[in-house]
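Below, each chain spelled out in residue letters.
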Amino acid sequence: MGKNNGHIRLVVGLGSCGIAAGAKDLYEELAAKTKSHANTKLSHTSCNGMCFKEPIMEVFYPDGDHLMLGNIHKKDVDKVLEPLLTRKSIDEKFVIEDSRKPDKKESFRLKQHKIVLENCGVIDPDDIAPYLEKGGYMAIKKVLTSMTPEQVIEEMKASGLRGRGGAGFPTGTKWQFARNSQAEKKYMICNADEGDPGAFMDRAVLESDPHRVIEGLIIGGYAIGAHYGYIYVRAEYPLAIKRLKIAIAQATERNFLGDKILNTDFSFHLKIKEGAGAFVCGEETALIASIEGERGNPRLRPPFPAVSGLWKYPTNINNVETLASVPWIINNGSAAYASYGTAKSKGTKVFSVAGKIAKGGLVEVDMGIPLRDIIYTIGGGTSSGKPFKAVQLGGPSGGCVPENLLDTPVDYESIAATGAIMGSGGMVVMDEDTCIVDVAKFFLTFTQKESCGKCTFCRVGTMRLLEILEKISAGKGSMDDLKELEDLSAKVKDLSLCGLGKTAPNPIVTTIKYFRDEYEEHIKDKKCRAAVCKDLINFSVIEKDCTGCHLCFKNCPVNAISGETKKVHHIDQKLCIKCGMCYEVCKFNAIFKG
Amino acid sequence: MSQSNVQKYLKNYGSTKEAAIPILQAIQNDYGYLPLDVLSKVCEESEITKSHLFGVATFYSQFKLTPKGKNAIKVCKGTACHVKGADITIVALKDQLSINMDQTTEDGEFSMETVACLGCCSLAPVVMINEDVYGSLSSSKVRSMLKKYGKE
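In this text, all values refer to a predicted model and were calculated from it rather than measured experimentally.

1. Focus: the overall build of chain B
Stage number 1. Scanning chain B from N- to C-terminus turns up seven helices and five strands.
Stage number 2. Mapped in sequence order, the helices and strands of chain B form the string α-α-α-α-β-α-α-β-β-β-β-α.
Stage number 3. Structurally, chain B occupies a C-alpha span of about 50 × 30 × 20 Å along its principal axes.
Stage number 4. Counting every position in chain B, which comprises 152 residues, the buried fraction comes to 43%.
Stage number 5. A separation threshold of at least 6 residues defines the contact pool for chain B, and within that pool the share at least 24 residues apart is 63%.

2. What about the sheet that holds strand E2 (residues 103–104) of chain B?
Residues and elements named next belong to chain B.
Stage number 1. Sheet architecture is open: five strands sit in the order E2-E3-E1-E4-E5, paired in mixed fashion. Every interior strand has two partners, whereas the edge strands, E2 and strand E5 (132–134), have only one.
Stage number 2. Relative to E5, strand E4 (residues 127–129) is paired through three bridges, and the arrangement is antiparallel. Note on E5: the bridge partner recorded for Ile129 is Asp132.

3. Description of the pairing of strand E6 (residues 187–192) of chain A
Residues and elements named next belong to chain A.
Stage number 1. Burial analysis of E6 places six of its six residues in the buried class, which makes it a mostly covered element.
Stage number 2. Alternating residues of E6 divide into Tyr187, Ile189 and Asn191 and Met188, Cys190 and Ala192, and every residue in both groups is buried.
Stage number 3. Inspection of the sheet shows E6 paired to strand E7 (residues 228–233) by six bridges, in the parallel sense. Bridge assignment links Met188 to a residue of E7, and that residue is Gly229.
Stage number 4. As paired elements, E6 and strand E9 (residues 315–319) share five bridges and run parallel to each other. Bridging across to E9, Tyr187 finds its partner in Thr315.

4. Some details on the sheet that holds E9(A)
Residue and element names in this part refer to chain A.
Stage number 1. Taken in spatial order, the four strands of this open sheet run E8-E7-E6-E9, and their pairing is parallel. A strand with exactly one partner marks an edge of an open sheet, and here the two such strands are strand E8 (269–274) and E9. Across the sheet, the axes of successive neighbouring strands diverge by a mean angle of 20 degrees, strand direction being ignored.
Stage number 2. Running over the sheet, helix H9 (residues 210–224) touches E6, E7, E8 and E9 and is turned about 150 degrees from E6.
Stage number 3. Packed onto the sheet, helix H12 (residues 320–332) meets E6 and E9 and runs at close to 90 degrees relative to E9.

5. Quick look at the interface of chain B and chain A
Stage number 1. On the side of chain A, 47 residues touch chain B, which itself brings 41 residues to the contact.
Stage number 2. Contributing elements (two or more residues each) for the side of chain B that touches chain A: helix H2 (20–31), helix H4 (50–59), helix H5 (79–83), helix H6 (86–97) and E5 of chain B.
Stage number 3. The element contributing the most residues to the side of chain B that touches chain A is H6(B), with five residues.
Stage number 4. When grouped by side-chain class, the residues that make up the side of chain B that touches chain A number 23 nonpolar, 12 polar and six charged.

6. Focus on the environment of A:Gly381
All names here are of chain A.
Stage number 1. For Gly381, the position within the fold is in the loop between helix H14 (371–378) and strand E12 (388–393).
Stage number 2. Sequence spacing of Gly381 and Asp431 is 50 residues, and the spatial spacing of their C-alpha atoms is 9.6 Å.
Stage number 3. Residues in contact with Gly381, not counting those within four places in the same chain, are Ala358, Ile375, Tyr376 and Phe388.

7. Here we look at the environment of A:Thr565
All names here are of chain A.
Stage number 1. Secondary-structure assignment places Thr565 in the loop between strand E16 (561–562) and strand E17 (570–571).
Stage number 2. Considered as a pair, Thr565 and Gly548 are 17 residues apart in the sequence and their alpha carbons are 5.1 Å apart.
Stage number 3. Aside from chain neighbours lying at most four places away, what touches Thr565 is Gly548 and His550.

8. Here we look at the confidence of the model for chain B
Stage number 1. Mean pLDDT over chain B: 92, with 99% of residues reaching 70 or higher.
Stage number 2. Element-level pLDDT for chain B is lowest in E5(B), with a mean of 89, against a maximum mean of 97 in H4(B).

9. Some remarks on helix H7 (residues 171–180) of chain A
Stage number 1. Judged by how many residues are buried, H7(A) sits mostly within the fold: seven of 10 residues are covered.
Stage number 2. Turning to H7(A), its buried residues are A:Thr171, A:Gly172, A:Lys174, A:Trp175, A:Gln176, A:Ala178 and A:Arg179.

10. A few points about the packing of helix H17 (residues 456–473) of chain A against helix H20 (residues 506–525) of chain A
All names here are of chain A.
Stage number 1. Their axes nearest at 10 Å, the elements H17 and H20 cross at an angle of 35 degrees. Two secondary-structure elements touch here, H17 through Leu465, Ile472 and Ser473 and H20 through Ile508, Tyr519, His522 and Ile523.
Stage number 2. Each residue belonging to the contact of H17 with H20 can be placed in one class, and the counts come to five nonpolar, two polar and no charged.

11. Topic: unusual backbone geometry
Stage number 1. With an omega of -5 degrees, the peptide bond running from A:Arg301 to A:Pro302 counts as cis.
Stage number 2. Geometrically, the link from B:Ala124 to B:Pro125 is a cis peptide bond, its omega value of -5 degrees lying close to zero.
Stage number 3. Of note, B:Pro125 is situated in the loop between strand E3 (110–115) and E4.
Stage number 4. Its identity as a non-glycine residue notwithstanding, A:Asn71 has a phi of 50 degrees, on the positive side.
Stage number 5. Topologically, A:Asn71 is positioned in the loop between strand E4 (66–69) and helix H3 (77–85).
Stage number 6. Unusually for a residue other than glycine, A:Lys312 sits at a positive phi of about 70 degrees.
Stage number 7. With respect to the secondary-structure elements, A:Lys312 resides in the loop between helix H11 (284–291) and E9.
Stage number 8. Residue classification places A:Lys312 among the partly exposed residues on the basis of 13 C-beta atoms within 10 Å.

12. So, H6(B)
Stage number 1. A rise of 1.5 Å per residue sets the reference length of H6(B), with its 12 residues, at 16 Å; its end C-alpha atoms lie 16 Å apart and thus fit the reference within 8%.
Stage number 2. Within H6(B) the residues assigned to the buried category are B:Ala86, B:Ile88, B:Thr89, B:Ile90, B:Val91, B:Ala92, B:Leu93 and B:Leu97.
Stage number 3. Residues of H6(B) that are buried make contact with helix H22 (581–585) of chain A together with strand E1 (71–76), H5, E3, E4 and helix H7 (139–147) of chain B.
Stage number 4. Downstream of H6(B) by one or two residues, B:Ser98 has phi in the positive range, about 55 degrees.

Here is what the cut-offs are and how they apply
Residues numbered from 1 in each chain as written. Chains lettered and ligands numbered in written order. Predicted model: local features only at pLDDT ≥ 70, side-chain atom pairs only at ≥ 80, totals over all residues. Helix = DSSP H or I, 4+ residues; strand = E, 2+ residues; numbered from the N terminus. Buried ≥ 20, exposed ≤ 12 C-beta atoms within 10 Å, placed from the backbone. Contact = placed C-beta atoms within 7 Å. Pairing = 2+ DSSP bridges. Axes fitted to C-alpha atoms, helices over the stretch in contact; angles between N-to-C directions. Nonpolar A, V, L, I, M, F, W, Y, C, P; charged D, E, K, R; others polar. pLDDT = per-residue confidence, 0-100. Expected span 1.5 Å × (residues − 1).

Here it is as C-alpha cells:
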C-alpha cells in the first residue's frame, strides 16, 4: 500500500460506516492541520472491519513502526496530532494496536483469517496501483496466458468453493453448467443486491476492494465463455457504486477489461446495473428480470439461468464474496484454499456481526469454527453485558440460534441442521431485552412487504402469518394460533416458487422450535418478558428515583407526562402510546417498563 | 417539464423496455420523484408502454410518485436497527417534524420514509439524510442532526 519514502503516513478508513461515525470530518481536519507538514502524507482506505472502533486511523512511520487508533474524532486531532508526529505517547484510550507493544492485541482480530478481506482497510480503493502492488490482476494474467477455461473450472471444483450468497452451491459446478451451454452469447453476473437487513459484507468488500470482485468476474467470464458481464448492485449503496465505477474505468484503461484483454483473444465488457429497492431481486431469476427492465418477478426453473438466463442466453450469477475468493484461489492454488475449513465447507466465510454485540463489525473466519468463537472471542459478547439470547443467521430467510447451540460449527450443513441457514453472512446478536415474538414479527413484516405477489402462498400466506404474530404480540393469541403458525409455515414453504417464499417462514419455525415458552408466555400469561411488545407493557415513574428533571416531560410526544420541576412526575396511562421515549431519555433510571 | 430532458433519457439509456429502470432512476434524480407527465412523455417517445413503465415504477420501492422533501430522510429498519431501537428514532423524528412516514413537511423541507437496510449495521440505529449517514442515534442526537438541515 504505497511506500513510506521517509514520510509519516496517516491513513483514515473511509467506508460508509466510518463516514457515518465521523471519519470524513476527521480526514478533513487532518488534511487542514497537516498541510504545512512536508514529511506527512495523508491518504484513505476503506473498512478494516472494526466497525465498533470507527472512526479509525493508522499511522505508519518511516522506520516501520505502526499505530492503529480508534474512536478518534475531529475534536481529538489537536490533542493527538503533535504527539503522533513527534512520536510522543498519546492517550491510550485511542490506541488499538501499537507495533512497539506487540502484546497489546485487539481480541477482535484473533481467530480471524483474511482471504476475501485481505485488502479491506489496507489499500486505497479509489486507486488501482495499490491493488496491483498487492498482486492484483495477476490471477487474470495467469488464467489468460496459461490455463484453459476447463482448467479454471477444475481448479474451482478442486477448491471446494461454494456460493457465498447463501445457497452454498459449488461454484465450479455452476460454472461448468454455463460452460456446457452452447450459445452465441453468454452473460456473467455479479449479484451485489445485498438485501438481507443486517448484512453488509458485500457492501464492505465493494467499497474496500472493488478490483478484486471485478477480477473474479473476468475470470468467471473466461471460464464459462462469456464476453459480457453485469454487476447488479443495490441503489442503497451509493459509495460502493461510485467506487465500482472508478475501478471499472481504471481496469478498462489498463486493458484488464475491454477488447483483447492483455493482448489475448479474450474480451470482456462490464456494466453496472443499479437495483431499485426490491429484496426479491437477490433471487437470480428475479435479478435477471430486473436487468431486462421488468418487474422483479422470479421465473420458474428449469430452465436454469445456465441454460436460458438474461435475454434467454446462458447466464451465470455469483455473489460478491464468491467472486472475491476467486483471484486468491487462482493465485494460491485450490489445494491451499481447500486446506482451510471443513470436509464439505472449504475456505473462509465473511460475516457481518451486528445487533447487541460489544464488538460489531466485519469478520472473516475459517469455515468450521464454532459460533461461540465469533460471538464471544471476536465479538466480545453482548454490548449490554446482559445474557445472550440468540443469534439470528441468514436474515429473513434464516433463523435464530439459541445459546445452547453456540458450539455449532459454521459450515453449511451444521448451520442448516439447526433450522437456520448460513445465508449470506448476516449475524444479528440478541440479548434478553430482545423479544423473540417481536423478532419473528419483524422478519414477517419484511418478507410480507417484499413478496413480489406472484405466488398465492407467499403473497397471502406471509400476510396471514404476520397477522397471527401480531395477534400473539398483542396478547390476543390462542394456543391454536401457535399450531396454525406451524401449519401455515409448512404450506408457505412448500407452495412458493422462489427462495423468498420458501424461506420466509424460517424465522417463525426456528423461534417456535427454540423459544416456544416465550410464545406461550405471550399467549397464556399475556406477558412479554423482554418488555418489548407494547400491548403487554406499561411505563410508569419510579417515584423514589424521579428527580423531577422534566426531561421526560419535554420529550413525551403525546404530552402524557405531567409534573412540576423538581417534583415527582406522573404518566397518564390513557394518553401514553408506549413509545418508550421517557425510558430512553431518563438519566436516573426512574422509568419502569414492564 | 422540459422536452429535452426526455430526449436526454432516451439518448442515454435507450428507448426499449430494458431502459425502464435507468430512465426512472434518472427522472427521479432530476425531479426528486416521478412526475406523471414526464412518464407519459417518455412512453410517447419510446417503445416503452405506459402499463410497463407504471408497473415497474410501482414495483420497486426506490420510486416515488409524489414529491419528496428537500431533505429526504431514510430511516433504516434493518434487523440490527430494529433490535437497537429504530422505533425510538422514528418517534423522535415524527415528533420533531410533525409528520408520519411517507409524508412531507408542509414547508417541503423534509420527507421521511423507512428503508430495509443501509448496511451500516454496527452503528445502529441509523438514519440517512440525502447522502449522509448518521449512526448510533438517540432522541437528542436526532434533534442535533435535524438542526444541521435548518430545523429549529
